[in-house]
Amino acid sequence: LTVPQRSYEIPKMGRVTNRDFNNSIRLLGYDVTNDSIILYWQSLQPVTKRLTIFVHRLDSNGAFVAGHDSAPARATTSWINGEVITDVHALNVGDTFEIGLYDPLTGERFDSPLIINR
C-alpha cells in the first residue's frame, strides 16, 4: 500500500483564477513558462470519475491551434478535500488558451472550460 504525499498549502503562483468546476475542483491558478503551463488545483469534494485535464492554445478567433490533454499528476478519484495538486502541461499556451477537465471514457466535459486572454 502506497500512501501519496499530500499538500494542503496553497503555493505562490503567477496568476490566480479561483475557478470552480462543478463545485468539486478549483483551479487556484497557474504559472506559464516558455514551453509549459503549471496548474494548481484544489479538491473541494470527492470526484468519482478519473478526469483528464486539457489545455488548448487558441488563435485570435478562438479556434484550436494546439493542445495538451493528460491525466493529472494523480487520479482525480484520489484527491481529498482541501488537497492542492500541482500539474504540469508541456505546451506553449500563447496569448489565448482554455483549461478544462473531461471524462476520457465519454468525452463529456466536467464543466465549461476557463478561457484566458493574456
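Being a predicted model, the structure only gives us computed values, none of them experimental.

> Describe in detail the side chain of Thr 52, supporting the description with residues and values.
Note on placement: Thr 52 falls in strand E4 (residues 52–58). Leave out the neighbours within four places in its chain, and Thr 52 touches Asp 69, Ser 70, Ala 71, Gly 100, Leu 101, Tyr 102 and Pro 104.

> Talk me through the sheet that holds strand E6 (residues 84–89); I want residue IDs and the actual numbers.
Here we have 4 strands laid out as an open sheet, ordered E1-E2-E3-E6, and antiparallel in their pairing. With partners counted over all chains shown, the strands left at the sheet margins are strand E1 (15–21) and E6, one partner each. Taking each pair of neighbouring strands and ignoring which way they run, the sheet shows an average axis angle of 25°. Here strand E3 (residues 37–43) pairs with E6 via 6 bridges, running antiparallel. Within the sheet, the bridge partner assigned to Ile 38 lies in E6 and is Val 88.

> A description of the environment of Phe 110 should follow, citing residues and the corresponding values.
Relative to the elements of secondary structure, Phe 110 occurs in the loop between strand E7 (96–102) and strand E8 (114–117). Along the primary structure Phe 110 and Ile 25 are separated by 85 residues, whereas in three dimensions their C-alpha atoms are 9.7 Å apart. The residues contacting Phe 110, other than those within four sequence positions of it, are Phe 21, Asn 22, Ser 24, Ile 25, Val 47, Leu 51, Leu 101 and Tyr 102.

> Could you give an account of the nonpolar core, naming the residues involved and the relevant values?
Among the nonpolar cores identified, the biggest contains 22 residues, and Leu 39, Trp 41 and Ile 99 are the most heavily contacted of them. Secondary structure elements with two or more residues in this core: strand E2 (25–32), E3, E4, E7 and E8. Setting aside its immediate chain neighbours within four residues, Leu 39 contacts Leu 27, Gly 29, Tyr 30, Ile 53, Val 55, Ile 85, Thr 86, Asp 87, His 89 and Ile 99. Listed in part, the 5 residues of the second largest apolar core include Leu 28, Ile 38, Tyr 40 and Val 84.

Parameters and conventions
Residues numbered from 1 in each chain as written. Predicted model: local features only at pLDDT ≥ 70, side-chain atom pairs only at ≥ 80, totals over all residues. Heavy atoms only, no water. Helix = DSSP H or I, 4+ residues; strand = E, 2+ residues; numbered from the N terminus. Contact = heavy atoms within 4.5 Å. Pairing = 2+ DSSP bridges. Axes fitted to C-alpha atoms, helices over the stretch in contact; angles between N-to-C directions. Core = buried A, V, L, I, M, F, W, Y, C linked by side-chain atoms within 4.5 Å. Buried < 20%, exposed > 50% of the residue type's maximum accessible area, 1.4 Å probe, protein only.

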